[in-house]
Amino acid sequence: MATLKELSKKDELLAGGHRLCAGCGASIVVRQILLAAGKNTIATCSTGCLEVATSIYPFTSWRIPFFHSAFENSAATSCGIEAMYQSLKRRGKLPVNEKINFIAFGGDGGTYDIGLQSLSGGLERGHDFLYVCYDNGAYMNTGIQRSSSTPLGAATTTTPAGKVIPGKQQYRKDLTDVVEAHHIPYLAQASPHNWKDLNRKVEKALSIKGPKFLNVIAPCHRGWRTGINEAIKLAKVAVDTCFWPLYEVENGKLTINYKPKDKKPITEWIKMQGRFKHLFKPENEHIIQRLQEGIDCKWENLLKREEFEKTC
Amino acid sequence: MGKIVAMTGNIAVANAMRQINPDVCAAYPITPSTEVMQQFSNFVADGKVDTELVTVESEHSAMSACIGSSAAGGRVMTATSANGLALMWEMLYIASGNRLPIAMMVINRALSAPINIHGDHSDEMGARDAGWIQMYSENGQEAYDNLIQAILIGESEGVLLPVMVGMDGFIISHSIENLSMLDDQQVKDFLGEYKPLHPLLNVNKPLTMGPLDLQDYYSEHKRQQTEAMELVKPAILKVAKDFAALSGRTYGFFETHRLDDAEMGIIALGSAAGTARHVVDGLREKGIKVGMLKLRVFRPFPSEELQQALGHLKSLAVMDRSESFGAAGGPVFSEVRSALYDLPTRPKTINYIYGLGGRDLGIANIEQVVADLQEINQTGKIKNLITHLTVRE
């Protein structure tokens, strides 16, 4: 586990000068992950902000091998690369002791929605790879359309806060739970504001053979309608309100990595974001209540489960 | 030097794959190609190949994993049919655009709807603009031979394009025929080692693949792809020459049969060529001057060579085992007619759509086609430009 000082001396593997928005959460997430992963890493990426803004021909920000293929197949592409690695190693065409990390990146659209099947297949088959979802809660690259990760009540361009329908009507999908049903050796939720926790989780994931999954919150000021310098603060409040609990599941055992002493109400997080502005109208307050109930339910379940597993 | 064996088209193809021994195969079952990967899975399970077999959850992921594997740097193969190929559609273009020489066996089958599992060419014809080299096979022998040659054609210097080899579903894939198989060592020596130019797995030389390519470069990259396709024809001939030295079997872009002195011609792809050849021989005995051309390579389309081979005919029937709805005839017809257009004198050319969803094409059907050609030669008039053969109207 590297200290901040040590991390700051490491080679930057995602070069600056890319064209992601100033203050983009995704670039911070990816930069931190690559610092932990090191240069013997091959990345794939689904179509999306991260891909289009970091690899505009003839330039690239990636100082490691990087392959963008399509939207829905970051996992299958990474698995294909990993399969070739295993094959060539077995055939003596690659050095046996050269360890290469395979990381598949995808946004929430490319992971929760269109890429879910490809991800599920890769996890079930047991490829030795790490899938990282940078979750900003909507299709930001195409202009803030709702995804199945968009929180209840949020306004997006396809779930606008209209006169009749006030934003997204459904709870978000709990992808981390969906992934857990694949019984992979390691999965976790993380946040860029807690770089230490994120760094440790990447190092841990990459030390384990088999499929691993990280779901990392990645605030987007364009989609969330916030100030451009608030990504880290938004990530922190998401964790403090338990909207985005930090936890990991290793071989089926849950560990909650951070329990806020004073769990903040969800209003603390949503009031920072323009996409939830309409929820503060009196007629929409029930939506906030529903949102809070969903968060409380998940958090209580996590606490209970952790407690229960201590007795197992 | 090889041996004569009796096997189905699918088993012949699986054995070609065993002898090719690719580094990675990623595949998903679909009738009628399932048997290929099933048999190949036995080879993997019994240690007869060193291949990493990735049994994916869809054809989209099959092609995605093939693309990842090929970019990583090695030989990659798969097999599919019909809807499976259709599900790969997006990825077919990404494979060719990234210049990845993946080899895919397509056991040709009709596309849904209505669902039909039998042989026609609508699947492969639907992918004719995907930037893949495309070949068709008349029988198990040709499927076996074509697939082995496909590896070297795709990997040829300057080409680096994916190749699909077609074989008629059920008609060939599930029929047992005699064929001559090369020795394992002969195939190994013929193919040699594949040395990828820019493998992703070289972490010491990081490479970005699949970048965003905008107005300032995209056209040039597409132009390069066109140029690569232009290099395919000499590559096919070179590989065919080497293969003939090994096997005694000769291949080109097409095969002609009693065409040189013919007045009438029939063009067919795949299994229908066998029936057409039989009909030609029978009619020749009656003094009817008809010949046949079997198209092996559809992409790149051998226009100039076809002009040479067909220009002297008075009339020509093009057989299409797929529809091109709303177009001026089936895909083969459109291409052939376009190729002949620049000739100062050209045969009167008509089109037959036949055999959709595996409907049988009989001897009498082709005899009827020749009778139509004879009438055209006598009257100088085309009665029906496009005919749907053996269809209840």
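Predicted model, so just to flag it, every value in this text is computed and none were measured. For every chain, the first residue of the written sequence is number 1, and numbering continues from 1 onward in sequence order. For naming, the first written chain is A and the first written ligand is 1, with later ones following in the order written. pLDDT decides what is reported in this predicted model: residues at 70 or higher carry local features, side-chain atom pairs at 80 or more are listed and counted, and totals for whole chains, interfaces and linings draw on all residues regardless. Excluding hydrogens and water, the side-chain values take into account all heavy atoms of the structure.

Chemist: Mind showing me how you'd approach the overall build of chain B here?
Modeler: Per the convention used, a helix needs a DSSP run of H or I reaching at least four residues, while a strand needs a run of E reaching at least two, with both numbered from the N terminus. Looking only at helices and strands, chain B has 14 helices and 16 strands in total. Radius of gyration means the value over C-alpha atoms here, while the globule rule gives 2.2 Å times the residue count to the 0.38 power. Relative to the compact-globule value of 21 Å for 393 residues, chain B shows a C-alpha radius of gyration of 21 Å, a close match. Remark: exposure states derive from per-residue accessible area (1.4 Å probe, protein chains only) relative to the maximum for the residue type, with buried under 20%, exposed over 50%, and partly exposed in between. A buried classification covers 60% of the 393 residues belonging to chain B. A fraction of 80% describes how many contacts in chain B between residues 6 or more apart in sequence connect residues 24 or more apart. Calculation of accessible area relied on Shrake-Rupley with a 1.4 Å probe; when residues are assessed, cover is drawn exclusively from the protein chains displayed. About 15500 Å² of surface is accessible on chain B, with carbon and sulfur atoms providing 51% of the total. Asp and Glu count as negative and Lys and Arg as positive, but His and the ends of the chain are not part of the count. To locate a charge, the coordinates of NZ of Lys, CZ of Arg, CG of Asp or CD of Glu are taken. The distance from the centre of the 33 positive side-chain charges to the centre of the 46 negative ones in chain B is 5 Å. We call two residues in contact whenever any of their non-hydrogen atoms come within 4.5 Å of each other.

Chemist: Any chance you could explain the nonpolar core here in plain terms?
Modeler: Nonpolar side chains tend to gather and get buried jointly when the protein is soluble and globular. Judged by nonpolar contacts, the single largest core of 123 residues is most densely connected at A:W62, A:F105, A:W269, B:M63, B:L92 and B:L201. If sequence neighbours within four positions are ignored, A:F105 has contacts with A:V30, A:I33, A:L34, A:A43, A:T44, A:C45, A:S46, A:L50, A:W62, A:S74, A:Y131 and A:V132. Within the second largest apolar cluster, 77 residues are counted, among which are B:I107, B:Y136, B:M229 and B:V232. In this text, buried Ala, Val, Leu, Ile, Met, Phe, Trp, Tyr and Cys residues form a nonpolar core when linked through side-chain atoms within 4.5 Å.

Chemist: Explain the interface of chain A and chain B to me, please; I cannot follow it from the model alone.
Modeler: Note: interface size is frequently given as the accessible area lost on complex formation between the parts. Counting from both sides, the interface comprises 44 residues of chain A and, opposite them, 46 residues of chain B. Throughout, the accessible surface (probe 1.4 Å) given up by two parts as they are put together, summed over both, is called the buried area. Overall, the association of chain A and chain B removes approximately 3400 Å² of surface from exposure, summing both partners, and the carbon and sulfur fraction of that is 59%. Taken as a group, A:Y57, A:M84 and A:R91 account for 20% of the area that chain A buries against chain B, more than any other trio of residues on that side. Here A:K93 makes a salt bridge to B:D23, at a shortest N to O gap of 3.6 Å. Two N or O atoms form a polar contact when they lie within 3.5 Å of each other; inside protein one atom must be a possible hydrogen donor and the other a possible acceptor, and for residues adjacent in sequence the pair counts only when both atoms belong to side chains. In this structure, the connection of chain A to chain B is made through 19 residue pairs in polar contact (both at pLDDT 80 or more). Of all the secondary-structure elements, those providing two or more residues to the side of chain A that touches chain B are strand 1 (41-45), helix 3 (49-54), strand 2 (66-68), helix 4 (74-90) and helix 6 (116-125) of chain A. Counting residues per element, the side of chain A that touches chain B draws most heavily on helix 4 of chain A, which supplies eleven residues. Under the convention adopted here, Pro, Cys and the residues Ala, Val, Leu, Ile, Met, Phe, Trp and Tyr are nonpolar, Asp, Glu, Lys and Arg are charged, and Gly plus all remaining residues are polar. A class-by-class count of the residues in the side of chain A that touches chain B yields 20 nonpolar, 15 polar and nine charged. Only strands joined by at least two bridges in the DSSP assignment are considered to pair. Pairing of strand 2 of chain A with strand 9 (residues 208-209) of chain B, which is carried by two bridges, proceeds in the parallel orientation. Paired with A:F67 across the strands is B:M209, a residue of strand 9 of chain B. Here, a salt bridge means any side-chain nitrogen of Lys or Arg that lies within 4 Å of a carboxyl oxygen of Asp or Glu.

Chemist: What's the story with the environment of A:K163 in this structure? I'm lost.
Modeler: Looking at where A:K163 falls in the secondary structure, it is placed in the loop between strand 4 (130-135) and helix 7 (175-180). Linking A:K163 and A:V237, residues 74 residues apart in sequence, is a C-alpha distance of 29 Å.

Chemist: Sorry if this is basic, but what is going on with the pairing of strand 4 of chain A here?
Modeler: Side-chain direction in a regular strand flips from residue to residue, so the side chains alternate between the two faces of the sheet. All names here are of chain A. When you tally the buried positions in strand 4, you get six out of six residues, the bulk of the element. Of the two faces of strand 4, the one carrying L130, V132 and Y134 and the one carrying Y131, C133 and D135 are both buried. Of the pairings in the sheet, the one linking strand 3 (residues 101-107) to strand 4 comprises five bridges and is parallel in character. Its bridge partner being in strand 4, G107 is matched across the sheet by Y134. Here strand 4 pairs with strand 6 (residues 212-217) via six bridges, running parallel. Bridge pairing in strand 6 links Y134 to V216.

Chemist: Would you take a moment to explain the packing of aromatic side chains for this structure?
Modeler: Both the distance between ring centres and the angle between the ring planes are used here to describe each pair of aromatic rings. Geometry of aromatic contacts follows a simple scheme: Phe, Tyr and Trp rings, the Trp one being its six-membered ring, pair when their centres are within 6.5 Å, and the pair is stacked under 30 degrees between planes, edge-to-face over 60, tilted otherwise. Under the criterion given, the structure shown has 14 aromatic pairs over all chains. Note on A:F71 and A:Y139: the rings are 6.1 Å apart at their centroids and 85° apart in plane angle, and the pair reads as edge-to-face. Taken together, the residues span a long stretch of sequence, with A:F71 in the loop between strand 2 and helix 4 and A:Y139 in the loop between strand 4 and helix 7 at a distance of 68 residues. Plain terms: the ring middles of B:F298 and B:F301 are 5.5 Å apart, the flat faces sit at 75° to each other, and that makes the pair edge-to-face. A relative accessible area of 0% means that B:F298 is categorised as buried. Relative accessible area serves as the criterion here: at 11%, B:F301 is assigned to the buried category. Aromatic ring contacts, followed pair by pair, group A:W224, A:F243, A:W269 and A:F276 into a single cluster. By definition here, charges over rings are those cases where NZ of Lys or CZ of Arg is within 6 Å of the ring centre and within 35 degrees of the ring normal. One residue, B:R18, lies across the ring of B:F43, its end atom 5.5 Å from the ring centre. The ring centre of B:F253 lies 5.8 Å from the NZ or CZ of B:K233, which sits over that ring.

Chemist: I'm lost on helix 12 (residues 285-310) of chain A in this one. Help?
Modeler: Residues three or four positions apart in an α-helix share a direction because the helix packs 3.6 residues into each turn. Residues and elements named next belong to chain A. One fewer than the residue count of a helix, multiplied by 1.5 Å, yields its expected span. If you check helix 12, its first and last C-alpha atoms are 38 Å apart, about what 26 residues at 1.5 Å a residue would give, namely 38 Å. Listed as buried for helix 12 are I287, I288, L291, Q292, I295, K298, W299, L302, E306 and E309. At its buried positions, helix 12 is contacted by helix 7, strand 7 (247-250), strand 8 (253-256) and helix 11 (267-270).

Chemist: What's the story with helix 8 (residues 184-191) of chain B in this structure? I'm lost.
Modeler: Residues and elements named next belong to chain B. If you check which residues of helix 8 are buried, you get Q186, V187, F190 and L191. Each buried residue of helix 8 lies within a common arc of 120° when the element is viewed along its axis, so the set occupies one face. Of the exposed residues in helix 8, the ones pointing more than 90 degrees away from its buried face are K188 and D189. The inward-facing, buried residues of helix 8 contact helix 1 (9-20), helix 7 (140-155) and helix 10 (232-247). The directions considered for the arc run from the helix axis to the C-beta atoms.

Chemist: Explanation requested: the domain arrangement of chain B in the structure shown.
Modeler: Residues and elements named next belong to chain B. The domain architecture assigned to chain B consists of domain 1 (3-247) and domain 2 (254-388). Each domain's extent was defined by an automatic or database domain assignment. A C-alpha centroid distance of 28 Å is found between domain 1 and domain 2. On the domain 2 side, the residues contacting the 27 residues of domain 1 number 29 residues. Of the roughly 2100 Å² buried at the junction of domain 1 and domain 2 (both faces included), carbon and sulfur atoms supply 54%. Among the residues domain 1 hides against domain 2, the three largest losses belong to R128, E138 and K233. Together they make up 29% of the total. The tally of links between domain 1 and domain 2 comes to seven salt bridges. Notably, a salt bridge pairs E138 with K294, separated by 2.8 Å at the nearest N-O pair. One can count 18 residue pairs in polar contact (both at pLDDT 80 or more) joining domain 1 with domain 2. For the side of domain 1 that touches domain 2, the secondary-structure elements that each account for two or more residues are helix 6 (122-126), strand 6 (133-137), helix 7 and helix 10. It is strand 6 that contributes the most residues to the side of domain 1 that touches domain 2, five residues altogether. A per-class count over the side of domain 1 that touches domain 2 returns eleven nonpolar, nine polar and seven charged.

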